[in-house]
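Spelled out from the first residue to the last, the chains are:
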Amino acid sequence: MEGCNGGGHEASPLEVIQRVVGGKWKIPIIWTLRDTKRFNELHRLFPGITQTMLTKQLRELEKDGFVHREIYKEIPPKVEYSLTATGAGFLPIIQKMCDWVKENYI
């Protein structure tokens, strides 16, 4: 695939994509964070995910620059998740993938 091969010892773009957004939950989480959400709100929207897995996925997306976590110093503590510019920039790619699935599989 032209433009998707890595050079030498560096990871290929396809390997990076798979690492950053691979798995069952990351793309749905990114799509859902088009609007800022609190942790419990996200957890309710994904009934099949455990709190531990949701926390892990959010932390990985935060580490990779897709998600911003805002902690408010309130009692009880309030934490909100939103997309960074990088995460928001991935939304059109998710939309294109959805369009492709609709054209080819639905």
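It should be noted that the structure appears before, not after, this text.
The rules behind each value
Residues numbered from 1 in each chain as written. Predicted model: local features only at pLDDT ≥ 70, side-chain atom pairs only at ≥ 80, totals over all residues. Heavy atoms only, no water. Helix = DSSP H or I, 4+ residues; strand = E, 2+ residues; numbered from the N terminus. Buried < 20%, exposed > 50% of the residue type's maximum accessible area, 1.4 Å probe, protein only. Lys, Arg positive; Asp, Glu negative; His and termini not counted. Salt bridge = Lys/Arg side-chain N within 4 Å of Asp/Glu carboxyl O. Contact = heavy atoms within 4.5 Å. Phe/Tyr/Trp six-rings, centres within 6.5 Å; stacked < 30°, edge-to-face > 60°. Lys NZ or Arg CZ within 6 Å of the ring centre and 35° of its normal.

Asker: What exactly am I supposed to notice about the side chain of Lys 37 here?
Answerer: Here Lys 37 is to be found in strand β1 (residues 37–38). No salt bridge is formed by the buried Lys 37, whose closest oppositely charged neighbour, Asp 35, lies at an N-O distance of 4.2 Å. Those residues in contact with Lys 37 that sit more than four places away from it in its chain are Thr 32, Leu 42, Leu 45, Val 79, Glu 80 and Tyr 81.

Asker: Would you explain the packing of aromatic side chains in this entry?
Answerer: For any two aromatic rings, the description comes down to two numbers: the centre-to-centre distance and the angle of the planes. The full count for this structure, using the stated rule, is three aromatic pairs. Ring centres of Trp 25 and Phe 46 lie 5.8 Å apart, and the angle between their planes is 80 degrees; on these two criteria the pair is classed as edge-to-face. A residue pair is termed long-range when its members are at least 10 positions apart, and Trp 25 in the loop between α1 (13–21) and α2 (26–32) and Phe 46 in the loop between α3 (39–45) and α4 (51–63) qualify at 21 residues. Residue classification places Trp 25 among the buried positions, given a relative accessible area of 14%. For Phe 46, a relative accessible area of 9% corresponds to the buried category. Geometry around Tyr 72 places Lys 78 over its ring, the cationic atom sitting 4.9 Å from the centre.

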